[in-house]
Amino acid sequence: MYARQTVEFSVKGPVSLILDEEQIALPGCAILDINFTRPSQIGELVFRNYYTAWVSVLVRYDGAATGQKEPGWKVAVMKKMLMPSPHHENGSQDIVSVAATESLLRWRKVLAMRLVLRQPSPEWRVFHVEELNVYGDLPRLAPTTTNSPFEKYDKLLELVRHQTLKALHWTPLPLPTDSSQARGEPASVLPKNTCSAYEITKLPQT
């Protein structure tokens, strides 16, 4: 285990997105702002989904620190799918990770992040994200264990490959002739180290 570098933040929202011209709430759309206490470098954003179909991530930089003339919101992640189908529950309550490597922009000297949450399905009236965590470092891969089923599967594939190569190069011994049988000579047997095509071991009982 290793200690993650957390980033302090405050949350505002989620609130429904309002169209300025008509002052009408846009259905199936909400925004949530994450404000940082100081310009920060962000490596990963983690949250638990609650019936949000997809999310877009916008960032706002410190204009004085970055020298940007327009320090407004900029699109970092255009559209990250959280639910394969908005009308079904798959992915509706999963833990979601949004890493800085997914962003179109660098997450350095970030003042705030805005999550645009979308759910077009009328089946889920309430949708949001919860259990927010922000880290300054990138996520690391978890160490694999020797009991992993994928490792066992790789070993099985290696065994099949090895036996296949031996089977392709295997040549059967010639059958005994009638003259050798007439002289009473024993039939030829395969040496112990000779491959006999595929070898099946521990066949499951049915």
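These lines cover the structure that appears in this document, whether it is placed above or below. (Residues numbered from 1 in each chain as written. Predicted model: local features only at pLDDT ≥ 70, side-chain atom pairs only at ≥ 80, totals over all residues. Heavy atoms only, no water.)

Counting buried positions along strand β4 (residues 54–61) gives seven out of eight residues, so the element sits mostly inside the fold. In terms of strand pairing, β4 meets strand β5 (residues 74–81) through five bridges, oriented antiparallel. Bridged to Val59 within β5 is Lys74. Pairing between β4 and strand β7 (residues 110–118): eight bridges, direction antiparallel. From the neighbouring strand, Trp54 faces β7, where its bridge partner is Arg118. (Buried < 20%, exposed > 50% of the residue type's maximum accessible area, 1.4 Å probe, protein only. Helix = DSSP H or I, 4+ residues; strand = E, 2+ residues; numbered from the N terminus. Pairing = 2+ DSSP bridges.)

So, about the packing of aromatic side chains. Inspection of the entire model under this criterion finds two aromatic pairs. Ring plane angle 35° and centroid distance 4.6 Å describe the contact between Tyr51 and Trp124, whose orientation is recorded as tilted. You can see Tyr51 sitting in the loop between β3 (44–50) and β4 and its partner Trp124 sitting in the loop between β7 and β8 (128–135), a full 73 residues away along the chain. Given a relative accessible area of 10%, Tyr51 falls into the buried group. Trp124 sits in the buried class, given a relative accessible area of 18%. By the ring-pair criterion, three or more aromatic residues cluster together here, those being Tyr50, Tyr51 and Trp124. Here the basic side chain of Arg4 rests over the ring of Tyr135, its NZ or CZ set 4.1 Å away from the ring centre. (Phe/Tyr/Trp six-rings, centres within 6.5 Å; stacked < 30°, edge-to-face > 60°. Lys NZ or Arg CZ within 6 Å of the ring centre and 35° of its normal.)

Let's shift gears to the pattern of salt bridges. Summed over the entire model, instances satisfying the criterion amount to five salt bridges. Salt-bridge contacts for Arg48 lead to Glu131; the nearest nitrogen and oxygen are separated by 3.2 Å. Here Arg48, found in strand β3, pairs with Glu131, found in strand β8; they are 83 residues apart in sequence, far enough to count as distant. Residue classification places Glu131 among the partly exposed positions, given a relative accessible area of 47%. (Salt bridge = Lys/Arg side-chain N within 4 Å of Asp/Glu carboxyl O.)

This part takes up the sheet that holds β3. Strand order in the open sheet made by the three strands is β6-β3-β8, with antiparallel pairing throughout. The two strands at the open ends of the sheet, each matched to only one other strand, are β6 (95–99) and β8. Strand-to-strand, the axes of this sheet are offset by a mean angle of 25°, without reference to chain direction. As paired strands, β3 and β6 are joined by five bridges and run antiparallel to one another. Across the sheet, Glu44 pairs through a bridge with Ala99, a residue of β6. (Axes fitted to C-alpha atoms, helices over the stretch in contact; angles between N-to-C directions.)

A word on the environment of Leu104. Mapped onto the elements, Leu104 comes out in the loop between β6 and β7. For the pair Leu104 and Met78, spaced 26 residues apart in sequence, the C-alpha to C-alpha distance is 8.3 Å. Other than its neighbours up to four places away in sequence, Leu104 contacts Val75 and Ala76. (Contact = heavy atoms within 4.5 Å.)

This part covers the side chain of Glu44. Following the sequence through the fold, Glu44 ends up in strand β3. Polar side-chain contacts of Glu44 include one of 2.5 Å to the side chain of Ser97. With residues up to four places along the chain from it excluded, the contact list for Glu44 reads Arg4, Ser97, Val98, Ala99, Asn133, Val134, Tyr135, Asp137 and Pro139. (Polar contact = N/O pair within 3.5 Å; in protein donor to acceptor, adjacent residues only side chain to side chain.)

This part takes up unusual backbone geometry. The step from Gly13 to Pro14 runs through a cis peptide bond, and the omega angle for that step is 10°. Checked against the element boundaries, Pro14 lands in strand β1 (residues 9–19). At Tyr51, a position not held by glycine, the phi torsion is positive, near 60°. A positive phi angle, near 55°, is found at Glu131, a position not held by glycine.

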